[in-house]
Amino acid sequence: MIHSFDQALEVVLQNALPLPPQWVALDDLVGRVVATDISAPYDLPCWDNSEMDGFAVRAADCRTFARLSVSGFVPAGASAEGLSVEPGTAIRIMTGAPIPAGADAVVPIEQVTDEKNSIIISKQVGRGDYIRFRGSDISSGEVMICAGQVLRPADINLLASFSLSGAKVYSRPRVAILSTGDELVPVGEQPGSGQLIDSNSHSLAAAVREIGATPIMLGIARDTLESLRDKLSAGLQADVLITSAGVSTGDRDLVREVLAESGVQQLFWRINIKPGGPTAFATLDKRLIFSLPGNPVSSMIAFDQMVRPALLALMGVQASTRPQIRARLLAPLVNETRKLRFLRVRVSESAEGYWAESAGDQNTGIVSTMIRANGIAILPPDCPRRDKGEWVDVQLLEPLVHNRAGCPRGSAPVLPTVKALSFVARSGTGKTTLLEGVIGELSRRGYRVGSVKAVSHHFEVDHPGKDSFRLTQAGSAATMICAPDKLALIKNFSSARDISGLLTSYFYDCDIVLVEGDKEGPLPKIEVFRSGCSDSLLCAERSAANCIAVASDCPLDIHLPLLDLNSPVRVADFIVSEVLSR
């Protein structure tokens, strides 16, 4: 039975369960995936401290031109015990030094006239000015890094700030790689007539290493049962085994036969895709076995579409597929098969959006086309052709970057980042009403605003009896209703989609996207709070790392900016200042 691409990928991912976690030392954690939530063992900062070099003062003493006597000094790294800011006095303080008793503000040195034993205040001072309060960054017990997060240098800094010497992360899979065929010779050896250099094992090893897994090179197995048994037996000791060639319909394709002798369970052979169709997948206990075709491009694309997501899933990565955009064609693309077609393309950008064109000859033996490509265009099995100007889905193989040296591999411009902000709240707080006002206000200021309503339950936007509904019911994976001035896309997904990952594809022409809901997502958030609806904040009960403000109808004792829930204009002012202008 030939599987569809979606069926095959689903089978692979169902079997690609995260490997057991292991403790890894701090300096080796970057790029690893956290296996469990990591909570703050104590408040950060641990004490109230100064943001600036200046003077610790009592705000009530600091009317403009007031003179205060300087009664002490707290350098960085020193203790403030025994020191107190009495009325009419100030204590000189350095950045990071603890706030002495009695002080409720810091005046930067630039805002005073500094005389020998006194200072003159030149600017009004408010309570809390230039103080980093205890726990204002992270509170004790707060989840600061969630399970499934890929650790970045900033995360390492955070762990080190709490003196954490390591963390539990998912193990990296050991991936055995075997090339097969009598015609192959290793790199470094001159090929004779009818012979080929084994390049596939090296490109596969590079792809494995690029995503953080560990390749194990098994060399070349000859087209004999004895040679294959020896090499495959060694490969089955790894977490994942990848073979290249030996799984098509030729008389000497013995890989599947030898694997069957070893007791593996074959889950599929052949996928309705091109290139990469003669791909097989099997399991042995929890080990994964991929048998890829031998043509270089087929091998690389089959790896990218099937093996790469599996390896990332084994390492605990939740978003294991390539980023995808929508691009318009600069020239026609043809799918001469009735298969899902992966076509190598060059992607570029203009003021109108993204454009794509063929990277060259699509023959699976032409490696240079793979070198020139920075994206893979996807044409469905029932789509024999896309004409110039039509839209295609494109997976990005690499970030689109400027290349001042003129190399064609880097000639496409940088992908714009779509600015987005979610509004979260408990029910009944009036966040939709607030969003209506904010969208209207931003639109009046000339911003192009997109909006997303995020829900956790299934919903149906189409209706029985409509032509589009009938097409979807017939099995259409995506149905578009298109008029001269509007379009609607109805697309079914087999698994949940990260909202932030969809923004580039569908909101690339917006200045900002405002999302209603998506409490668990990674987008920065404004929490909406209304007195009487609840006595606690959502962001106080969860990680508040990506909460940037609270819109409330009453005063709250928080360190985040407090916005007026009943003033969309003030909320819009904040969004322009803190999101759109940055």
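First things first, this report covers the structure right here in the doc. (Residues numbered from 1 in each chain as written. Predicted model: local features only at pLDDT ≥ 70, side-chain atom pairs only at ≥ 80, totals over all residues. Heavy atoms only, no water.)

### A look at the sheet that holds strand E13 (residues 174-180)
Adjacent strands of a sheet pair through backbone hydrogen bonds, lying either parallel or antiparallel. Rules: Paired strands, in this sense, are two strands between which DSSP finds at least two bridges. Runs of H or I in DSSP of at least four residues are treated as helices and runs of E of at least two as strands, each being numbered from the N terminus. Here the axes come from fitting lines to C-alpha atoms, over the contacting stretch only for helices, and the angles between their N-to-C directions go from 0 to 180 degrees. What makes two residues a contact is simply this: any of their non-hydrogen atoms within 4.5 Å.
The six strands lie next to each other as E16-E13-E17-E21-E20-E18, forming an open sheet whose pairing is mixed. What marks the edges here is a single partner per strand, and that holds for strand E16 (214-221) and strand E18 (265-269). On average, adjacent strands in this sheet sit at an angle of 15° to one another, irrespective of strand direction. Summarising the sheet, E18 and strand E20 (residues 280-284) pair through four bridges and their orientation is antiparallel. Its bridge partner lying in E20, Gln265 is registered against Thr283. Of the strands in this sheet, E13, E16 and strand E17 (240-244) touch helix H4 (residues 225-235), which is tilted by about 175° from E16.

### Considering the sheet that holds strand E36 (residues 562-564)
With parallel pairing, six strands are arranged side by side in an open sheet as E30-E33-E29-E34-E35-E36. Each end of this open sheet is capped by a strand with a single partner; those strands are strand E30 (449-453) and E36. Strand after strand, the sheet turns through a mean of 25° between neighbouring axes, direction not considered. Here five bridges tie strand E34 (residues 525-529) to strand E35 (residues 547-552), and the two strands are oriented parallel to one another. Looking across to E35, one finds that Ile526 is bridged to Ala549.

### Focus on the state of the cysteines
Threshold: Working definition: a disulfide is two cysteine sulfur atoms within 2.5 Å of each other.
In this structure the tally under the stated criterion is zero disulfides. Between Cys554, a free cysteine, and Cys533, which holds the nearest cysteine sulfur, the sulfur-to-sulfur gap is 10 Å.

Interpretation note: all reported values are geometric properties and have no functional meaning in isolation.
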